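Chain and residue survey
Listed here are the chains, written in short residue letters.
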Amino acid sequence: MSDKVYRASTTAPVNIAVVKYWGKRDAKLNLPTNSSLSVTLSQADLRTLTTASCSASFPASEGDALLLNGEPSDISGARTQACLRELRSRRAALEAADPSLPKLSTYPLRLVSENNFPTAAGLASSAAGFAALVRAIANLYELPASPSELSLIARQGSGSACRSLFGGYVAWRMGDKADGTDSMADQVAEASHWPDMRALVLVVSAAKKGVSSSSGMQQTVATSGLFRERIATVVPENMAIMEKAIAEKDFEKFAEVTMRDSNSFHATCADTYPPIFYMNDVSRAAIRAVEAINEKAGRTVAAYTFDAGPNAVIYYQEKDTEAVVGTFYHVLQGADIGGWKSADIKGLKPTIS
Ligand code: PMV
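Since the model is a prediction, treat every value here as computed from it, not as a measurement.

1. So, the sheet that holds strand β8 (residues 71–73)
- With mixed pairing, the five strands of this open sheet are ordered in space as β1-β6-β9-β7-β8. Both outer strands of the open sheet, β1 (6–13) and β8, are each paired with one neighbouring strand and no more. Across the sheet, the axes of successive neighbouring strands diverge by a mean angle of 25°, strand direction being ignored.
- Here helix α2 (residues 126–140) sits on the sheet in contact with β1, β6 (47–54) and β9 (109–115), set at roughly 150° to β1.

2. Thoughts on the site of the ligand
- Near the ligand lie 14 residues; those nearest to it are Tyr 21, Ser 158, Ser 160, Arg 163 and Ser 213.
- Here an oxygen atom of the ligand sits 2.8 Å away from a polar atom, N or O, in the side chain of Arg 163.
- Taking Asp 307, its side chain carries an N or O atom lying 3.5 Å from an oxygen atom of the ligand.
- When the free accessible area of the ligand is taken as 380 Å², the share hidden by the protein chains comes to 93%.
- Per-class residue counts for the shell around the ligand are six nonpolar, five polar and three charged.
- Taken domain by domain, the makeup of the shell around the ligand includes at least three residues from each of domain 1 (6–191) and domain 2 (197–348).

3. Notes on the packing of helix α1 (residues 78–97) against α2
- As a packed pair, α1 and α2 sit with axes 10 Å apart at the nearest point and diverge in direction by 20°. Classed by the angle they form, the pair α1 and α2 counts as roughly parallel. For the crossing formed where α1 meets α2, the hand is right-handed. On α2, the residues touching Arg 79, Thr 80, Cys 83, Leu 84 and Leu 87 of α1 are Phe 130, Leu 133, Val 134, Ile 137 and Ala 138.
- Split by residue class, the contact of α1 with α2 holds eight nonpolar, one polar and one charged.

4. Details of the environment of Leu 202
- Tracing the backbone shows Leu 202 in strand β12 (residues 197–203).
- Separated by 52 residues in the primary sequence, Leu 202 and Phe 254 have C-alpha atoms spaced 20 Å apart.

5. Topic: the pairing of strand β10 (residues 169–173)
- Counting buried positions along β10 gives four out of five residues, so the element sits mostly inside the fold.
- The pairing of strand β5 (residues 36–40) with β10 spans four bridges and is antiparallel. Residue pairing across strands places Leu 37 opposite Ala 171, the latter belonging to β10.
- As paired strands, β10 and strand β11 (residues 184–189) are joined by five bridges and run antiparallel to one another. Across the sheet, the residue bridging to Ala 171 is Asp 186, located in β11.

6. A short note on the sheet that holds β10
- Here four strands make up an open sheet; going across it, the order is β2-β5-β10-β11 and the pairing antiparallel. Among the strands making up the open sheet, the edge pair consists of β2 (15–19) and β11. With strand direction ignored, the average angle separating the axes of adjacent strands in the sheet is 35°.
- Helix α6 (residues 251–270) rests against β2, β5 and β10 of the sheet, and its axis sits at about 95° to β2.

What counts and what doesn't
- Residues numbered from 1 in each chain as written.
- Predicted model: local features only at pLDDT ≥ 70, side-chain atom pairs only at ≥ 80, totals over all residues.
- Heavy atoms only, no water.
- Pairing = 2+ DSSP bridges.
- Helix = DSSP H or I, 4+ residues; strand = E, 2+ residues; numbered from the N terminus.
- Axes fitted to C-alpha atoms, helices over the stretch in contact; angles between N-to-C directions.
- Contact = heavy atoms within 4.5 Å.
- Near = heavy atom within 4 Å.
- Polar contact = N/O pair within 3.5 Å; in protein donor to acceptor, adjacent residues only side chain to side chain.
- Areas by Shrake-Rupley, 256 points an atom, 1.4 Å probe, with all protein chains shown as cover.
- Nonpolar A, V, L, I, M, F, W, Y, C, P; charged D, E, K, R; others polar.
- Domains from an automatic or database assignment.
- Parallel < 35°, antiparallel > 145°, perpendicular 65-115°, else oblique.
- Left-handed = near helix turned anticlockwise from the far one by under 90°.
- Buried < 20%, exposed > 50% of the residue type's maximum accessible area, 1.4 Å probe, protein only.

This is how it looks when you write it as structure tokens:
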């Protein structure tokens, strides 16, 4: 038995949606009820680094294992298992076609992942995490897969992860096939297309979110009437306007759709029974602060968006850094802007990758 260890490393970035994925039409395959669109943040600021290794010499009794930020992490969940199964079966197909290849698909996997941002920051780290895990193993197995094909696999780990396989502006097309083979991501524009775009992450709370995105989605699909309207008309319209705004680098439109879509998503959460509230008083005050900044500037210079938690991501353009970041940093130092005075908020200033 060879004790050769095969190894591959990769990184994947965090993405923050401007048209939100919210709702599954098939929970097992992680198929969404609507398409979504996101902006990938710079890996220098927020990324997961994953190394995958395998060897015939790793004891089979130990099985596959993941070390996440130095701690053993459970990978027995259906989502992670679906990704591993899919990657292994693609490798097994290569091995069947070329018997000279080492049988990596039969070896136990050791995965080591690290985030360069505090996991406790309350940022959705699952997108970067699953994207890095899938690409690291695909590289280890030397699979001839494009980012879009890998997005099909990462999607089964965490829906939003399929968008983290690309930089810049990324769409996840919901597809209409029952087996999910057309539910994948593609790049709408490179980051360099709009070099002025910036993001500011305001960490309102580092606490783990109360209602997981999966159960929040399930409850929304089951009980919200507003949600039906959202997926039938609101999101398709937002996707079309957003893609045009990005193509034309029209920040006013980009910002309006970003804010409207975040509001629409959180409204459907409030419309579930019982209602789900991801934003808190500080989040709402951040919305008022953005409105105050835009009013003072006399045009839209900042756009807020919130995922399934209270933290705000503010999109703005480099030329408006002073008006936006300057204002928020004054707020962080205790000034009162738009009624927002919270002292315990941390700001992170990632660029777009
Ligand atoms: O990828 P998940 O299952 O964690 O869901 C993410 C949902 C949102 O972050 C709220 C929206 C999105 O499109 O990323």
